[in-house]
Amino acid sequence: MPVYERRSTMPVSADDLYAWHASPSAFERLAPPWQRLRVVERSGTIEDGDRLVVEAAVGPAHVRWVAVHREHVRGRQFVDVQEKGPFALWRHRHAFEPDGERQSTLHDSVEYELPGPPAVTRAGAGAAQRRVERLFAFRHERTRGDLERHLAFADRPRLRVAIAGASGFVGSHLAAFLTTGGHEVVRLTRRRDAGPGWVHWDPASGIVDQAALEGVDALVNLAGTSLAGLWTPARRRDILESRRQTTGLVATAAAALSRPPRVVVTASAVGFYGSRDADDLTEGSAAGQGFLPEVCKVWEDSLEPARTAGIRTVSLRFGLVWGGAGGMLPLMALPFKAALGTRLGDGEQWMSWIAIDDLLGAALLALHDEGLSGPVNVTAPEPVTNRDFTRTLARVVRRPAPFAAPSGLLERGLGDMGRELLLTSQRVRPARLTEAGFRWLFPDLEAALRFELGR
């Protein structure tokens, strides 16, 4: 029977390491982003008898994995056993071993057997071992990164944070990240009967359950109509008004609370700067020309009710967000994996990007750092050209990228969306994060892509 073990030193006590894993959102942080996983059912967390049901997409099929927790020892270990799933046997012991007062060892040991007759299982043993190794390398690296992020603010009180757009790609990551750090997350939803931990709102009607927001320390808006698709006049209105309505409602609600929050944070984008060739752009650079700069200005200006009320406000200008579980990267990687990787236009346009885990770290800094306000560029320290991005992604997936999509073809086929999203050039520098002493986990593009794609 194959047995896999991995040990890593973690920068917190064994009790704190256990507490991170005991969070109801720990699985979401540990789920490998290159696999399409969805939590179908959850009963409890990691104590004996607690269960987790996950659905995994395997090609066109969907496979359910039912795990039951056993042998729980508070502060030291728990075991999850596959009750139903793709393995003939899966028994995973998570152990948290003390190593002094301020660090510990995470020890994962897994016994597993592949299904099928011996000849088949022997043939697949090598591939299975590589998949398990890849999974646990990711899990240990992400665990350490999250713990280090939260450790930097360990002396601060835990926060109650309301998030609009918590079901989206960035919002779901942020909610899970904050929860595993001991913060309480309240999610805004259009549903009226969502239950505890949810707050009803309707941005189009200007309605929000004000009483349910009393006592929050921070309000974060990540909601807004997707930029993907043809920018018809109706689509443009939806994109613009969704940001005006959601951010304006969050800012107005914050200003009206009897105990206003410490900070209101909204998403924005480096699209604020427009296409600027190879100019170095910082938070002090002027807005550009075009539809996206107009959207970003409306987005950020909609915070005015909170600013007028004396609340600290932060506009996080996101670069292209790389995450293997959502956003643009999985869609962009598909043709590359099929050896159909394509440079866009002449490839000389600059791309400013950020790994999802560094975006979460920047959001945490915005929640805690009282000196941080106004626009903040959330990008990696070194932007890259589209040509370099194409070469790097091709190298990561180990496929050639022999094609180039002419600019004229992209503009004719996708209109303004193709020009402003795919062909625009923005060489953005994260000056405010650098001044604040922010530490990037993934300052290098290739390392970020390999981590998120499991390569």
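Cut-offs applied
- Residues numbered from 1 in each chain as written.
- Predicted model: local features only at pLDDT ≥ 70, side-chain atom pairs only at ≥ 80, totals over all residues.
- Heavy atoms only, no water.
- Helix = DSSP H or I, 4+ residues; strand = E, 2+ residues; numbered from the N terminus.
- Rg over C-alpha atoms; globule rule 2.2 N^0.38 Å.
- Buried < 20%, exposed > 50% of the residue type's maximum accessible area, 1.4 Å probe, protein only.
- Contact = heavy atoms within 4.5 Å.
- Areas by Shrake-Rupley, 256 points an atom, 1.4 Å probe, with all protein chains shown as cover.
- Salt bridge = Lys/Arg side-chain N within 4 Å of Asp/Glu carboxyl O.
- Pairing = 2+ DSSP bridges.
- 1 Å grid on protein atoms, 1.4 Å probe; cavity = no way out; pocket = protein on both sides within 12 Å on 5 of 7 lines; lining within 4 Å.
- Points joined across faces, edges and corners; volume = space filled by probe spheres on them.
- Nonpolar A, V, L, I, M, F, W, Y, C, P; charged D, E, K, R; others polar.
- Core = buried A, V, L, I, M, F, W, Y, C linked by side-chain atoms within 4.5 Å.
- Axes fitted to C-alpha atoms, helices over the stretch in contact; angles between N-to-C directions.
- Polar contact = N/O pair within 3.5 Å; in protein donor to acceptor, adjacent residues only side chain to side chain.
- Left-handed = near helix turned anticlockwise from the far one by under 90°.
- Parallel < 35°, antiparallel > 145°, perpendicular 65-115°, else oblique.
- Patch = residues over 30% accessible without salt bridge, like charges linked within 9 Å, V, L, I, M, F, W, Y side chains within 5 Å.
- Lys, Arg positive; Asp, Glu negative; His and termini not counted.
- Charge placed at Lys NZ, Arg CZ, Asp CG, Glu CD.
- Phe/Tyr/Trp six-rings, centres within 6.5 Å; stacked < 30°, edge-to-face > 60°.

## Side note on the overall build of the chain
Next up, step 1: If you tally the helices and strands in the chain, you get 14 helices and 24 strands.
Next up, step 2: Computed over its C-alpha atoms, the radius of gyration of the chain comes to 23 Å, within 12% of the 23 Å expected for a compact globule of 455 residues.
Next up, step 3: Overall, the C-alpha framework of the chain stretches about 65 × 60 × 40 Å when taken along its three principal axes.
Next up, step 4: Counting all 455 residues of the chain, 51% fall into the buried class.
Next up, step 5: For the chain, restricting intrachain contacts to residue pairs at least 6 apart in sequence, the fraction spanning at least 24 positions comes to 70%.
Next up, step 6: A total accessible area of about 19,900 Å² is found for the chain, and carbon and sulfur atoms account for 52% of it.

## So, the pattern of salt bridges
Next up, step 1: For the coordinates displayed, the defined rule picks out 29 salt bridges.
Next up, step 2: Between Arg-7 and Glu-97 there is a salt bridge; the shortest N-O distance is 2.9 Å. Taken together, the residues Arg-7 in strand E1 (residues 3–10) and Glu-97 in strand E6 (residues 89–98) connect sequence positions 90 residues apart.
Next up, step 3: Using a relative accessible area of 51% as the deciding quantity, one classes Arg-7 as exposed.
Next up, step 4: Owing to a relative accessible area of 25%, Glu-97 belongs among the partly exposed residues under this scheme.
Next up, step 5: Salt bridges linked by common partners bring Arg-29, Arg-142, Asp-146, Asp-357 and Glu-452 together as one network.

## Thoughts on the pairing of strand E15 (residues 312–318)
Next up, step 1: The buried fraction of E15 is high, at seven of seven residues.
Next up, step 2: Across the two faces of E15 the burial is the same, with Arg-312, Val-314, Leu-316 and Phe-318 and Thr-313, Ser-315 and Arg-317 all buried.
Next up, step 3: Bridge count between strand E13 (residues 263–269) and E15: seven bridges; the pairing is parallel. Following the sheet pairing, Thr-266 is matched in E15 by Ser-315.
Next up, step 4: Where E15 lies against strand E21 (residues 374–378), five bridges are found, and the strand directions are parallel. Within E21, the position partnered with Arg-317 by the bridge is Asn-377.

## Here we look at empty space enclosed by the protein
Next up, step 1: Following the criterion strictly, the structure yields one cavity of 30 Å³ or more and no others.
Next up, step 2: What lines the largest cavity is simply His-21, Leu-30, His-92, His-94, Leu-106, Asp-108, Arg-139, His-140 and Thr-143.
Next up, step 3: Residue assignment for the lining of the largest cavity shows that the elements contributing at least two residues are E6, strand E7 (104–113) and helix H3 (118–151).
Next up, step 4: Ranked by residue count, the leading element in the lining of the largest cavity is H3, at three residues.
Next up, step 5: The residue inventory of the lining of the largest cavity, partitioned by class, reads two nonpolar, five polar and two charged.

## Overview of the nonpolar core
Next up, step 1: Grouped together as the largest cluster of nonpolar side chains are 54 residues, with contacts concentrated most on Ile-163, Leu-174, Leu-178, Leu-316 and Leu-367.
Next up, step 2: Contact partners of Leu-367, with chain neighbours within four places excluded, come to Leu-159, Val-161, Leu-178, Ala-218, Val-220, Val-263, Val-265 and Arg-312.
Next up, step 3: Formed by 22 residues, the second largest nonpolar core is a distinct cluster that contains Ala-394, Phe-442, Phe-451 and Leu-453.

## Here we look at the sheet that holds strand E2 (residues 37–43)
Next up, step 1: Strand order across the open sheet formed by seven strands is E1-E7-E6-E5-E4-E3-E2, with antiparallel pairing between neighbours. With partners counted over all chains shown, the strands left at the sheet margins are E1 and E2, one partner each. This sheet shows a mean twist of 20° between the axes of neighbouring strands, independent of strand direction.
Next up, step 2: Summarising the sheet, strand E4 (residues 61–73) and strand E5 (residues 77–84) pair through six bridges and their orientation is antiparallel. Of the residues in E5, the one forming a bridge with Arg-70 is Val-79.
Next up, step 3: The strands touched by helix H1 (residues 14–22) are E1, E4, E5, E6 and E7; relative to E6, the strand with the most contacts, the crossing angle is about 145°.

## Digging into the side chain of Arg-312
Next up, step 1: Mapped onto the elements, Arg-312 comes out in strand E15.
Next up, step 2: By relative accessible area, Arg-312 is classed as buried at 10%.
Next up, step 3: At 2.7 Å, the side chain of Arg-312 forms a polar contact with the backbone oxygen of Leu-372.
Next up, step 4: Sequence-distant contacts of Arg-312, that is, excluding residues within four places in its chain, are made with Arg-262, Val-263, Val-264, Ala-366, Leu-367, His-368, Asp-369, Glu-370, Leu-372 and Ser-373.

## Things to note about the packing of helix H4 (residues 169–180) against helix H10 (residues 356–368)
Next up, step 1: Interhelical geometry of H4 versus H10 gives an angle of 65° and a closest axis separation of 10 Å. Like other packed secondary-structure pairs, H4 and H10 cross with a definite hand, here right-handed. Of the residues in H10, those touching H4 at Phe-169, Val-170, His-173, Leu-174, Phe-177 and Leu-178 are Ile-356, Leu-359, Leu-360, Ala-363, Leu-364 and Leu-367.
Next up, step 2: When the residues that make up the contact of H4 with H10 are grouped by side-chain class, the tally is 11 nonpolar, one polar and no charged.

## Section: the packing of helix H11 (residues 386–397) against helix H14 (residues 445–453)
Next up, step 1: At a closest axis distance of 10 Å, the pairing of H11 and H14 adopts a crossing angle of 40°. Judged by the angle between their axes, H11 and H14 are oblique. As for how H11 packs across H14, the hand of that crossing is right-handed. For the pair formed by H11 and H14, the contact residues are Phe-389, Thr-392, Leu-393, Arg-395, Val-396 and Val-397 on the first element and Leu-445, Glu-446, Leu-449, Arg-450 and Leu-453 on the second.
Next up, step 2: Broken down by class, the residue content of the contact of H11 with H14 amounts to seven nonpolar, one polar and three charged.

## Structural notes on a positive patch on the surface
Next up, step 1: A grouping of Arg-130, Arg-131, Arg-134, Lys-337, Arg-398, Arg-399 and Arg-455 is seen on the molecular surface, where their side chains present a positively charged patch.
Next up, step 2: Element by element, the count of residues in the positive patch is highest for H3, at three residues.
Next up, step 3: By secondary structure assignment, the location of Arg-455 is in the segment after H14.

## Concerning the packing of aromatic side chains
Next up, step 1: Summed over the entire model, instances satisfying the criterion amount to 15 aromatic pairs.
Next up, step 2: Here the aromatic rings of Trp-34 and Phe-138 are separated by 5.4 Å at their centres, their planes lie at 80°, and the arrangement is edge-to-face. Placement of Trp-34 in the loop between helix H2 (26–30) and E2 and of Phe-138 in helix H3 is noted, with a sequence separation of 104 residues between them.
Next up, step 3: Take Phe-138: its relative accessible area is 3%, and that puts it in the buried class.
Next up, step 4: One aromatic cluster is present, built from ring pairs that chain together Trp-34, Phe-138, Phe-442 and Phe-451.

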